[in-house]
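So the chains spell out like this:
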Amino acid sequence: MANRTTADVVIVGNGALGLSVAVETALRDPALRVTVIGPAARPEAATVAAGAMLNCYAEVTARTGEHPAARAKFALAREAAQLWPGWLARLAEATPGTTAPVTVKRGTLVVLGARTTGDGARSMRAIRTAAKEQGEPFQDADPYGLGFLEPEQGEQPVDALYLENEGAVDARQVLAALDAAAAALGVGRISDEAVSLTITGDTVTGVRLSSGEDITAGAVVLAAGAATGRLIEQLPAGTVQPMLSGTGMALETRRVRGTGMPYVVRTPTLVGGCGLHAVPLGGGTEYLGATNLVLFDPQDGQRMGLVQALLSGVAAQFDRKLALSAVRRWHYGLRPVTLDTFPLLGRGPLPGLFFATGTYRDGFHASPAIARHMAGLLLTGTGDDTPADSPYALFAPGRRPIETTTVDEAAERFAEMALLVAVERGMRLPYFLDTEPIAAACRRLANESVERLGTPIALAPEILGAVSEADAGRVRQVAAYLKPLSRRRPGAPARTHAVPGRAILEA
């Protein structure tokens, strides 16, 4: 018979998001028995590999304002940006004298490279527009007057802007602060993996670990990033959308020549993925990232072509002296990516189950805001207590996949992504040829991917790419999830559940 442990709240996942939910909940109700489950080494965790940019406006693209869900995601990012200073102060207060306070390295310079496409230029315009509308201070910068940058000839930026309030923290220091705060608050820790959910009747009542131990809980929070996908597959068919893995690689280097970056330097976010970025970590050490490849079943490491693109890109577009830097450490992590690329936040479709995952590239930045929201849900009574106008209302885990465009427009965006990558990798065509034959081939591939699923659905370019590479088994799994959605009544409220006997305590 398996050993059995009891807790009020079990949080599956010990990255920044899972620990933030645990710490916020324990701060509000010290009597609550909170347990966090996750391997101590955190293999392939997104947090460990993160550059930890606290960027909100620098992440804006022309697509940010296109759909209510995209606008809600932006609102969530703004909320988190406002919470970070107070959140770091609260972590320090919870562990006086235990760990050095984490500081934010202020400043983000967004540069648009010479090989830009229309998508990059539109993103720069969108950043300026959003900053003006929200009263966020920024400065236009002379792309030819950035003395600390020395890009390769022909790669000089054509546009630049500086956001004084945005910046970065050291993800490893934040994790240490969260670990210390959790210990000080009495949060239980189990270094193991949750391999299955325990479902009694129609209620989630705990998890089973790989060791065979059963953990019984009043509430289970899934915050294990990409690994959450294995637990989603155990839920009743069609209740929660599949989870994919966004594979990301970066490296830490130490300067050999030059003074290094005084603050974050990055390119704008482009269709299908993140831009290049360099984050100063202090002492001449810099974090250089990042790559993005979404797959259903990730490889053991990043693809060599993406590594090559990263190494050549940061030296060419930012500072050619980076090619002389000494490599100290490689980072590889898996980001949790849902089928519609939007997060899963809040109560799950079964009582006793909560989700704080699916955050793609935003989990670290958004962690203080998501933790506040999740702690509120865990400590309230039953009922639909998320206001309809809240950014979180659109991200209910049991929702239908959010489609922000049409199937045809999704194919166009897939083609745009492919051409953008080709241009950045140096593609040049003779004067008598244009890109239309390449775009047409990419549209066909996108449409074939949708046809494989058997249900017309508008997917993001990187998700279409993942479907095109998926094996037949994965395609059948996604097709089985999508098939009944056309028959499901949209807007049906999810069932709710909270930790019994606990009242709200204000932070």
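Counting of residues starts from 1 at the beginning of each chain's written sequence and follows it residue by residue. Reporting of local features is limited, given that this is a predicted model, to residues whose pLDDT is at least 70; pairs of side-chain atoms are given and counted only at 80 or more, and all residues count toward the totals for whole chains, interfaces and linings. Working from all heavy atoms in the structure, the side-chain values ignore hydrogens and water.

Thoughts on the overall build of the chain
And step 1. For helices the rule is a DSSP run of H or I covering at least 4 residues; for strands it is a run of E covering at least 2, with both sets numbered from the N terminus onward. Helix and strand counts for the chain come out as 12 helices and 18 strands.
And step 2. The globule rule is 2.2 Å times the number of residues to the power 0.38, and the radius of gyration it is compared with is taken over C-alpha atoms. Rg of the C-alpha trace for the chain: 22 Å, near the compact-globule value of 23 Å for 507 residues, within the 12% margin.
And step 3. When the backbone C-alpha atoms are referred to their principal axes, the chain occupies close to 70 × 60 × 45 Å.
And step 4. Relative accessibility decides the category of a residue: with a 1.4 Å probe and only protein chains considered, values under 20% of the type maximum give buried, values over 50% give exposed, and everything between is partly exposed. Buried residues in the chain amount to 56% of all 507 residues.
And step 5. Carbon together with sulfur atoms contributes 53% to the accessible area of the chain, which is approximately 21,000 Å² in total.
And step 6. Taken together, the 49 basic and 51 acidic charged side chains of the chain have centroids lying 2 Å from each other. Areas reported as accessible are Shrake-Rupley estimates using a 1.4 Å probe. Residue values count occlusion only from the protein chains shown. A residue counts as positive if it is Lys or Arg and as negative if it is Asp or Glu; His and the chain ends are not included. Charge positions are represented by NZ for Lys, CZ for Arg, CG for Asp and CD for Glu.

Digging into the packing of aromatic side chains
And step 1. Working definition: a ring pair exists when centres of Phe, Tyr or Trp rings (six-membered ring for Trp) sit within 6.5 Å. Plane angles under 30 degrees give stacked, over 60 give edge-to-face, the rest tilted. Under the counting rule described, the total for this entry stands at six aromatic pairs.
And step 2. Measuring from ring centre to ring centre gives 5.5 Å for Tyr57 and Phe74, while their planes differ by 85°; the resulting arrangement is edge-to-face. Here Phe74 lies in helix H3 (residues 68-94) and Tyr57 lies in the loop between strand E3 (53-54) and H3, a separation of 17 residues in the sequence.
And step 3. In this structure Tyr57 comes out as buried when scored by relative accessible area, which is 6%.
And step 4. Judged by centre distance (5.5 Å) and plane angle (15°), the rings of Trp84 and Phe364 are stacked. In this pair, Trp84 sits in helix H3 while Phe364 sits in helix H8 (residues 363-379), placing the two residues 280 residues apart along the sequence.

Things to note about the pattern of salt bridges
And step 1. Salt-bridge detection follows one rule: a side-chain nitrogen of Lys or Arg within 4 Å of a carboxyl oxygen of Asp or Glu. By the definition in use, this model includes 31 salt bridges.
And step 2. Here Arg266 and Glu59 are joined by a salt bridge, their closest N and O atoms 2.8 Å apart. With a gap of 207 residues between them, Arg266 in strand E12 (residues 264-266) and Glu59 in the loop between E3 and H3 connect regions that are remote in the sequence. As far as the burial class goes, Arg266 and Glu59 line up, both buried.
And step 3. For the salt bridge of Glu412 with Arg443, the shortest nitrogen-to-oxygen distance reads 2.7 Å. In this pair, Glu412 sits in helix H9 (residues 407-424) while Arg443 sits in helix H10 (residues 436-453), placing the two residues 31 residues apart along the sequence.
And step 4. Residue class for Glu412 comes out partly exposed when judged on its relative accessible area of 41%.
And step 5. Several salt bridges share partner residues, and in doing so they unite Glu150, Arg255, Glu286, Asp319, Arg320 and Lys321 into one network.

Considerations on H10
And step 1. The span one expects for a helix is its residue count, reduced by one, times 1.5 Å. The end-to-end C-alpha distance of H10, which contains 18 residues, comes to 26 Å, matching closely the 26 Å that a straight helix rising 1.5 Å per residue would cover.
And step 2. For H10, the full list of buried residues reads Ala439, Cys442, Ala446, Ser449, Val450 and Leu453. The buried side chains of H10 occupy one side of the element, clustering within an arc of 95° when seen end-on. Exposed and facing more than 90 degrees away from the buried side of H10 are Pro437 and Glu451.
And step 3. If you follow the buried residues of H10, they end up packed against H9, helix H11 (461-469) and helix H12 (472-482).
And step 4. Immediately downstream of H10, the backbone of Gly454 shows phi near 80°, a positive value. Throughout, the arc means the angular range of directions from the helix axis out to the C-beta atoms. Whether two residues touch is decided by their heavy atoms; if any such pair falls within 4.5 Å, the residues are in contact.

Side note on the confidence of the model for the chain
And step 1. Known as pLDDT, the predictor's confidence for each residue is given on a scale from 0 to 100. When pLDDT is averaged along the chain, the result is 89; 93% of the residues meet or exceed 70.
And step 2. Ranking the helices and strands of the chain by mean pLDDT puts strand E2 (residues 34-37) first, with 98, and helix H2 (residues 46-49) last, with 81.
And step 3. Contacts for the low-pLDDT stretch residues 488-507, under 50 throughout, to residues beyond four places or in other chains number 47 contacts.

Thoughts on the environment of Glu66
And step 1. One can find Glu66 in the loop between E3 and H3.
And step 2. A residue is classified by how much of its surface remains accessible, and Glu66, at 41% relative accessible area, is partly exposed.
And step 3. Beyond its immediate sequence surroundings of up to four residues, Glu66 is in contact with Arg71 and Arg413.
And step 4. We define a polar contact as two N or O atoms separated by no more than 3.5 Å, with the added condition that, inside protein, one atom must be a possible hydrogen donor and the other a possible acceptor, whereas residues neighbouring each other in sequence contribute only through side-chain atom pairs. Side chain to side chain, Glu66 and Arg413 meet in a polar contact 2.5 Å long.

A look at the side chain of Ser367
And step 1. Relative to the elements of secondary structure, Ser367 occurs in helix H8.
And step 2. Judged by relative accessible area, which is 1%, Ser367 ranks as buried.
And step 3. Discounting residues that sit within four places of it in the chain, Ser367 has contacts with Ala16, Leu17, Ser20 and Trp84.

Observations concerning the nonpolar core
And step 1. In this description, a nonpolar core means a group of buried Ala, Val, Leu, Ile, Met, Phe, Trp, Tyr and Cys residues linked to one another through side-chain atoms lying within 4.5 Å. By size, the foremost hydrophobic cluster in this structure holds 52 residues, and its most contacted members are Ile11, Phe364 and Ile370.
And step 2. Looking at this core, the elements with two or more residues in it are strand E1 (4-12), helix H1 (16-28), E2, H3, helix H5 (171-184), strand E10 (214-222), strand E18 (353-357) and H8.
And step 3. A per-element tally of this core places H8 first, with nine residues.
And step 4. Ignoring sequence-local partners within four residues, the contact set of Ile11 consists of Gly18, Val21, Ala22, Val34, Thr35, Val36, Ile37, Val221 and Ala223.
And step 5. Counting 34 residues, the second-largest nonpolar core is a separate cluster that includes Leu244, Val294, Leu420 and Ala460.

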